[in-house]
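Understanding the architecture of this molecule
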Amino acid sequence: MLLGSVRIGQRAIALAMWLAALSVLSPKTHAAISGEHYSTRPLGVIDGAAKQIALMYQLLSEWEQLTIDSVSRMDAGDSIPHEKLAKAFARSYQGIWYAKQLQAMGEPAGYDLETRFTLLRNALGGFSNSLQKHHQAELSKLKALTEVRRDTLAKAIEMARSGQLSNAEKSVRDLHLRQLLSVFYLPYSGYRDFENEVAPVHNRLIDDLNRERQQQYAEKAQAVVAQSASVVSDFETDSQRVIAELKSAQGDPVEAIRWLDERWSQDNLAISKTRAISLAFGLAGDAAANQQQALHQIDQQAISMLEALIDVASQTGSDQPTIARYAEFVQAVVRLNSHCGNSLNERLQPAFDRWTNQSPELTTAVSTYHQAVKQPMLWMQRRAAEQSEQKKRDYLELDHLTGKPMKPTNADRPSIYLNQSPRVRPLTPANSNLPYNWLEIEANSLVGTLVRTGQSFPPMNAGEASWVPFSQSYASHFMPPKIPALIREHVEATLLVTQSHPPLSLPAAIAIDAIDRGAFLQIGGTIRSVAMSPSVVRFGNPVPEMSQRVLLGKFHNFNSSPPATRSLAWEFELDPKWIQHQLFFLEIETTVSTK
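Each value, and the rule that gives it
Residues numbered from 1 in each chain as written. Predicted model: local features only at pLDDT ≥ 70, side-chain atom pairs only at ≥ 80, totals over all residues. Heavy atoms only, no water. Helix = DSSP H or I, 4+ residues; strand = E, 2+ residues; numbered from the N terminus. Buried < 20%, exposed > 50% of the residue type's maximum accessible area, 1.4 Å probe, protein only. Contact = heavy atoms within 4.5 Å. Areas by Shrake-Rupley, 256 points an atom, 1.4 Å probe, with all protein chains shown as cover. Arc of directions from axis to C-beta. Pairing = 2+ DSSP bridges. Phe/Tyr/Trp six-rings, centres within 6.5 Å; stacked < 30°, edge-to-face > 60°. Lys NZ or Arg CZ within 6 Å of the ring centre and 35° of its normal. Axes fitted to C-alpha atoms, helices over the stretch in contact; angles between N-to-C directions. Parallel < 35°, antiparallel > 145°, perpendicular 65-115°, else oblique. Nonpolar A, V, L, I, M, F, W, Y, C, P; charged D, E, K, R; others polar. pLDDT = per-residue confidence, 0-100. Salt bridge = Lys/Arg side-chain N within 4 Å of Asp/Glu carboxyl O. Core = buried A, V, L, I, M, F, W, Y, C linked by side-chain atoms within 4.5 Å. Left-handed = near helix turned anticlockwise from the far one by under 90°.

**Things to note about the overall build of the protein chain**
Looking only at helices and strands, one finds 19 helices and 9 strands in the protein chain. When the 595 residues of the protein chain are sorted by exposure, 52% land in the buried category. Counting contacts in the protein chain only where the partners sit at least 6 residues apart, residues at least 24 apart contribute 79% of the total. Accessible area for the protein chain stands at about 26,600 Å²; split by element, carbon and sulfur atoms hold 50% of it.

See below:
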């Protein structure tokens, strides 16, 4: 049983009681809210958590629908299935208890489930006024349990004192669930004394048991976190192997850059994952310092590898003219540069200078190119910035919108929660006590709002969305618009680029690549949709494409308010109305389809 085992090697959660509960309700019931709009993806460090989370949300929806249907029947003067409701009432308490164990497992869903089961329990408690004819019979049942109650509690206290917390909690849990089946029918004045006798003891046992479990769960999490050390050593070994192969004339430096981009992205995400897991389990101190050091070490090793690749490339490819080889390598660095937040130009300039200094012809070509495009690029950059400055006045900066209090216009809170009407608040908070699905539905009140956001990443593949990386608690994405051929031709002419003469500087190559792959300095548009998920899940159990949505060498800045498992990450899908490229400004006349 869930509250009857604390051994990590065994199944952390027993599903038997929940599966039995399914037989109480019709399998054809529908969710009270049309579809679950929020992410219930588990962190998944502790075995059994994912299945438990899925089952709890399933039961929650069924019991919520049962409650809604029963209120409708009652309002129509029809009878209600009070026995099913009583069982749902008792199980809603159990949902709260199980949710607390999920919290000990580092699962953010535990907080959402605790909130939602608490709301459901309170709503179910409202049926007692309509069930007065059952009051006396249920009160008699509770009184008949007096001796059993006192004996069970006394034995449980002794078991807890002797270190048998699991057995103690299980015995009280069985008693408590049995008692709650009668509590459902009574007003507070009728059940107060019985609950005041059992609930404090049970809650204390649950809290003590979860503290014990949390220590064991943290030990397992620590083993996962420790893997960041091997990530660093493996990266160093493999990067040195690639360089050695290239120096022995095996392989292509340009292909090595593509390998580095993929590997660096994967390892960067792996370390970010350990960071998220550390925060979820409260593993601060040395763990955080080690992760920051690991991220820094990989960053330094990656730059060292790039410098070595430039040196190797300058010596290889004798069949290829020097200038063409140099241009090809610059082009290969562009994609990785965008993933590094456009930081490579300055960091790699000394290595590129060494290359150019080896050949008077290359030195002259690169210097002449720089001088020829420098002023036109500066003029185009200023013009694009001026046009953007004029246009963006009508667009709210996205990070300002996320903290702006407003009342949601889009809400779908079930009628059984009448006392939970939406209030004025930031619609995309960094953390919240409200149910996840309420938050996400109400955040979509922002759809259609004019916003602007900062520099975007190009997508990994053609036809995919461009991304503005996470800043605090939000990110955004959009389908990059097709740039008119006339603009591209003008940029290429300004940068002296033709099919046979590619750019000879990284800034120029970046400008061309940004047109092709949809990377822009600023984007203005309307919000198309809003989605939410817990931050530690977003980064601690990431989808594969997440490696391309974070800056290399950087951690996501989790909300500092404890616990980290309450921190939320928001994603805005934008419909671009204008973009600012490094060298031009473009208004988008038609809506860009995301399909």
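**Looking at helix α5 (residues 135–144)**
Listed in full, the buried residues belonging to α5 are His135, Glu138, Leu139 and Leu142. Projected down its long axis, α5 shows its buried positions confined to an angular sector of 100°, all on one face. More than 90 degrees from the buried face of α5, the exposed residues found are Gln136 and Ala144. Close packing links the buried residues of α5 with α6 (146–161), α7 (165–183) and α8 (188–225).

**A short note on the pairing of strand β8 (residues 568–580)**
Each regular strand carries side chains that alternate between the two faces of the sheet. β8 sits mainly inside the fold: 12 of its 13 residues count as buried. Relative to β8, strand β6 (residues 474–478) runs parallel, the two being bridged by 5 bridges. Across the sheet, Ser476 pairs through a bridge with Phe572, a residue of β8. As judged from the 12 bridges shared by strand β7 (residues 522–534) and β8, these two strands associate in the antiparallel manner. Its bridge partner being in β8, Ser533 is matched across the sheet by Ala569. As judged from the 3 bridges shared by β8 and strand β9 (residues 585–587), these two strands associate in the antiparallel manner.

**Things to note about the pairing of strand β4 (residues 450–453)**
Bridge analysis of strand β1 (residues 396–397) against β4 gives 2 bridges, and the strand direction is parallel. When the sheet's bridge partners are listed, Glu397 is paired in β4 with Arg452. Alignment of β4 against β7, held across 4 bridges, turns out to be antiparallel. By the bridge assignment for β7, Thr453 is matched with Ile523.

**Quick notes on the packing of aromatic side chains**
Within the structure shown, the criterion is met by 16 aromatic pairs. Here Tyr326 and Phe352 contribute two aromatic rings whose centre-to-centre distance is 5.6 Å and whose plane-to-plane angle is 70°, an arrangement assigned as edge-to-face. Residue Tyr326 is located in helix α12 (residues 322–339), and its partner Phe352 is located in helix α13 (residues 344–357); the two are separated by 26 residues in the primary sequence. Take Phe352: its relative accessible area is 5%, and that puts it in the buried class. Between Phe329 and Trp355 the ring centres are 5.8 Å apart and the planes differ by 70°, which places this aromatic pair in the edge-to-face class. Here Phe329 is found in helix α12, whereas its partner Trp355 is found in helix α13, with 26 residues between them in sequence. In this structure, Phe329 and Trp355 share a single accessibility class: buried. Ring pairing ties together the aromatic residues Phe89, Tyr93, Trp97, Phe127, Phe184 and Tyr185, which thus form one cluster. The aromatic ring of Tyr93 is capped on one face by Arg121, whose charged end is 5.0 Å from the ring centroid.

**Brief notes about the side chain of Asp299**
Residue placement: Asp299 occurs in helix α11 (residues 286–313). The residues touching Asp299, leaving out its near neighbours within four places in the chain, are Trp264, Arg347 and Gly553.

**Re the packing of helix α9 (residues 228–247) against helix α10 (residues 253–280)**
One way to put it is that α9 packs onto α10 with a least axis distance of 10 Å and a crossing angle of 175°. In terms of their interaxial angle, α9 and α10 are classed as roughly antiparallel. In this structure, α9 uses Ser228, Val231, Asp234, Phe235, Asp238, Ser239, Val242 and Leu246 to contact α10, whose residues at the interface are Pro253, Ala256, Trp259, Leu260, Arg263, Trp264, Asp267, Ala270, Ile271 and Thr274. For the contact of α9 with α10, the per-class residue count stands at 11 nonpolar, 3 polar and 4 charged.

**Looking at unusual backbone geometry**
Although it is not a glycine, Leu496 adopts a positive phi angle of roughly 55°. In this structure, Leu496 sits in the loop between α17 (485–494) and α18 (506–517). A residue is classified by how much of its surface remains accessible, and Leu496, at 47% relative accessible area, is partly exposed.

**Considering the confidence of the model for the protein chain**
Across the protein chain, the average pLDDT comes to 86, with 90% of residues at 70 or higher. Note on residues 1–38: pLDDT is under 50 here. Beyond four places in sequence and across chains, it has 102 contacts. Between residues 591–595, whose pLDDT stays under 50, and residues either more than four places distant or in other chains, the model counts 12 contacts.

**Side note on α17**
Considered for burial, the residues of α17 that qualify are Val491, Glu492 and Thr494. The arc that holds every buried residue of α17, seen down its axis, measures 165°, which confines them to one face. Away from its buried face by more than 90 degrees, α17 exposes Leu486 and Ala493. Positive backbone phi, approximately 55°, marks Leu496, located one or two places after α17.

**Re the pattern of salt bridges**
Per the stated rule, a full pass over the model turns up 31 salt bridges. Taking the shortest distance from any N to any O, the salt bridge between Arg354 and Asp311 comes out at 3.3 Å. In this pair, Arg354 is assigned in helix α13 and Asp311 in helix α11, connecting sequence segments 43 residues apart. What you see here is one network of salt bridges that share partners, running through Arg528, Glu573, Asp575 and Lys577.

**Some thoughts on the nonpolar core**
One finds Trp264, Phe281, Phe329 and Leu495 to be the most contacted residues of the largest nonpolar core, which totals 157 residues. The element that contributes the greatest number of residues to this core is α11, accounting for 13 residues. The contact partners of Phe329, leaving out residues within four places of it in the chain, are Pro253, Val254, Ile257, Leu309, Ile310, Ala313, Phe352 and Trp355. With 10 residues, the next largest nonpolar core counts Leu153, Ala156, Val172 and Leu209 among its residues.

**So, the environment of Glu492**
In this fold, Glu492 is placed in helix α17. The residues touching Glu492, leaving out its near neighbours within four places in the chain, are Val497 and Ile512.

**Considerations on the packing of α12 against helix α14 (residues 360–391)**
Where α12 meets α14, the axes come as close as 9 Å, and the angle between the chain directions of the two elements is 50°. With respect to each other, α12 and α14 are oriented oblique. The handedness of the crossing between α12 and α14 is right-handed. Contact residues: Thr322, Ile323 and Tyr326 in α12; Glu361, Leu362, Ala365 and Val366 in α14. Taken together, the residues that form the contact of α12 with α14 break down as 5 nonpolar, 1 polar and 1 charged.

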